[in-house]
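The chain contents come next:
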Amino acid sequence: MTVASDLLERPSQVSSPLVRFEGVGKTFRNGTKALVGLDVGIGAGEFVSLLGPSGCGKSTALRLLAGLGRPSSGRIAWSEPPDRHDIGFVFQEPTLMPWASVARNVHLPLKLQGLRYRASMPRVEEALEMVGLEGFAASYPRELSGGMKMRVSIARALVTQPRILLMDEPFAALDEITRSRLNGDLLHLWTERRFTTVFVTHSVYESVFLSSRILVMAARPGRIVADLPVDAPFPRDEAFRMSESYNRHCRAVSAALRRAMEQ
Amino acid sequence: MRADVDDAPEDPGSGRLLKIILPLAVAAVLLGSCEAAVRIYEIPHYLMPSPSRVFDSLWTDFPSLVPSWLVTIQITGLALLFSVLGGGALAILFAQSPWIERAFLPYAVVLQVTPVVAIAPLIIIYVPSTYAALLLCAWIVAFFPILSNTTIGLHSADHNLVDLFQLYGASRWQTLTQLRLPSALPYFLAGLKVSGGLSLIAAVVAEYVAGTAGTGTGLAYRVLENSYRMNIPGMFACLLLLAFTGVAIFGLTSFVSWLLLHRWHDSALARER
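Residues numbered from 1 in each chain as written. Chains lettered and ligands numbered in written order. Predicted model: local features only at pLDDT ≥ 70, side-chain atom pairs only at ≥ 80, totals over all residues.

Before we go on, may I ask you to explain the domain arrangement of chain B in this structure?
How big an interface is tends to be reported as the loss of accessible area on association of its parts. Under the domain assignment, chain B is made up of domain 1 (1-42) and domain 2 (49-272). Here the C-alpha centre of domain 2 of chain B lies 32 Å away from the C-alpha centre of domain 1 of chain B. (Domains from an automatic or database assignment.)

Help me understand the sheet that holds strand β8 (residues 213-218) of chain A in this model?
Across a sheet, strands are paired by hydrogen bonds formed along the backbone, either parallel or antiparallel in direction. All names here are of chain A. As summarised here, the arrangement of the 6 strands in space is β5-β6-β7-β3-β8-β9, forming an open sheet in which the pairing is mixed. With one partner strand each, in any of the chains shown, β5 (87-90) and β9 (223-229) form the two edges of the open sheet. Averaged over neighbouring strand pairs, the angle between their axes works out to 15° when direction is ignored. Sheet topology places β5 next to strand β6 (residues 164-168); 4 bridges connect them, and they run parallel. Directly across from I87, in β6, lies its bridge partner I164. (Pairing = 2+ DSSP bridges. Helix = DSSP H or I, 4+ residues; strand = E, 2+ residues; numbered from the N terminus. Axes fitted to C-alpha atoms, helices over the stretch in contact; angles between N-to-C directions.)

I'm lost on the environment of A202(B) in this one. Help?
By secondary structure assignment, the location of A202(B) is in helix α7 (residues 172-210). Linking A202(B) and L134(B), residues 68 residues apart in sequence, is a C-alpha distance of 8.4 Å.

What is the right way to look at the pairing of strand β2 (residues 33-43) of chain A in this model?
Each regular strand shows side chains that alternate between the opposite faces of the sheet. Residues and elements named next belong to chain A. Summarising the sheet, strand β1 (residues 17-27) and β2 pair through 7 bridges and their orientation is antiparallel. Bridging across to β2, F21 finds its partner in V40. Connecting β1 to the next strand, β2, in antiparallel fashion are 5 residues, including G31 with a positive phi near 95°.

Is there a simple way to explain the interface of chain A and chain B in this structure?
The interface is formed by 16 residues belonging to chain A together with 16 residues belonging to chain B. Its residues placed into classes, the side of chain A that touches chain B shows 11 nonpolar, 2 polar and 3 charged. (Contact = placed C-beta atoms within 7 Å. Nonpolar A, V, L, I, M, F, W, Y, C, P; charged D, E, K, R; others polar.)

Mind showing me how you'd approach the domain arrangement of chain A here?
All names here are of chain A. Entries for chain A in the domain assignment read domain 1 (40-82 + 164-263) and domain 2 (98-162). Relative to domain 2, the C-alpha centre of domain 1 lies at a distance of 25 Å. Between domain 1 and domain 2, the residue contacts involve 11 residues of the former and 7 residues of the latter. Looking at the side of domain 1 that touches domain 2, the elements that each hand over two or more residues are β6 and α6 (176-193). For the side of domain 1 that touches domain 2, the element with the most residues is α6, which contributes 4 residues.

Would you mind showing me how to read unusual backbone geometry here?
The phi angle of most residues is negative, glycine excepted, and most peptide bonds adopt the trans form. Note the cis peptide between R220(A) and P221(A), where omega equals -5°. Along the polypeptide, P221(A) turns up in the loop between β8 and β9. Of note, the amide linkage connecting F234(A) to P235(A) takes the cis form, showing an omega dihedral of -5°. Summarising the element assignment, P235(A) is placed in the loop between β9 and α8 (238-242). Even without glycine at this site, R194(A) takes up a positive phi of about 55°. Mapped onto the fold, R194(A) is located in the loop between α6 and β7 (196-201). Even without being glycine, M230(B) reaches a positive phi, approximately 55°. Within the secondary structure, M230(B) sits in the loop between α8 (219-228) and α9 (232-261).

It is not clear to me how helix α6 (residues 159-167) of chain B should be interpreted in this structure. Could you clarify?
Because an α-helix packs 3.6 residues into every turn, residues spaced three or four apart end up facing the same way. Here α6(B) has its buried residues at L161(B), L164(B), F165(B) and L167(B). End-on view of α6(B): buried residues confined to an arc of 160°, all on one side of the axis. Buried residues belonging to α6(B) abut α2 (58-66), β5 and α3 (102-112) of chain A together with α7 of chain B. Of the residues trailing α6(B), G169(B) is marked for its positive phi of about 65°. (Buried ≥ 20, exposed ≤ 12 C-beta atoms within 10 Å, placed from the backbone. Arc of directions from axis to C-beta.)

Mind showing me how you'd approach the environment of Y228(B) here?
Residue and element names in this part refer to chain B. Looking at where Y228 falls in the secondary structure, it is placed in helix α8. With 8 C-beta atoms counted inside 10 Å, the residue Y228 sits in the exposed group. Sequence separation between Y228 and W264 is 36 residues, and the spatial gap between their C-alpha atoms is 52 Å.

And the structure:
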């Protein structure tokens, strides 16, 4: 018996999850089994990372959670059915409307709810301030750097004050320096506001730095093979990246990931 | 002295001036040598009129050409307007369901690929008013680029943005007006530029087909009339007006395109290297 399955059998420490995958499976029309038997809960206020090699179904799981697509089997059970402004989603690309200013882009979720631009200006400005982009409201996406575009994307996801923030490898396309700074800023925001976050990544270091809990996934078929808590206290800063505890967690997670790849 | 030609655009003032001066210089050289050749070899004006004679003819005939010119401009403009409305509306209809597109697109293609010169005589027979017949001919040619470009544009909205709209519960109407139409705008404008030129060409072609049998008095009819009279300078004068109209349409559609895109679209951005 492997250590990974030992860990899997450890009862989840979440007593009343915000949302639960209950035996969720997803098979695509071409027969690919993207996910099988996903059984896991995500508690309110957690920062959960889905970590795994490409093709392990982590993005598929995230999209199911967002309601973009239905599971082929099982169900996703919410403690309270989510409203359309309860979910924030950040894609791997910034996914901004190039024809609209930064403020208009951030305003989009509110606009689709029928809130006028003028009336929602304070909320848009607050969201831009959260991500450190005050003063860029009138800029167009093409005038911004990759990191700044991603900040706009995060501001747009947070402007509705969602109960859960879903992030699909949001920093994967950024350079190391920008990525590390955005990691720090995201964690700072999360420590302040504690919105539940599900974060898809293939970086061990990123997941350990950010998460309160890491779900390690394996491919073919996509499934969860380890459920690892990262018990280092928040707030975490650059000192944490240098610490013994960070190292230890990275080693443990890397080992779990290696076993997942070998299976 | 500058060693590198690439340095030139650093001074935007001289660059812009050069952009205007260069084509004008080419025109001066061409017209000058043409004028000289006609005079030196004493080519008779009914074979090859000198540029000065053409301008002279344009000057004296201009008052009588204006009404014809206006007719051509009107037909071209209306054809373009109906192309925008018809092509745009059809594209939006096609975008609603792939089945509608499957059902109707082949017929739009058939209309497009059949040469307008071949359809025009039938249209002129069936449609009682020559003016309406000319307009219809021009429209048939001009609407297709707008239709096909806008259709592609409507389909080309960023998939993640489409997902995002779905996530936030956007209605079909919201997705169309706030996502698909803006995404289609650069494609539509590219189609508009092509259609602008085509509608002028088609208006002229249709008028040729209608010929003297029609009551049309557009510029193309005046070209025919001048050719029957062997008035070669007059023909050139009409050609000049037609060419000027085409350039003006291109300039206008390019300007509209720049106006709508320069804030955000790559095609309208000046890049520094």
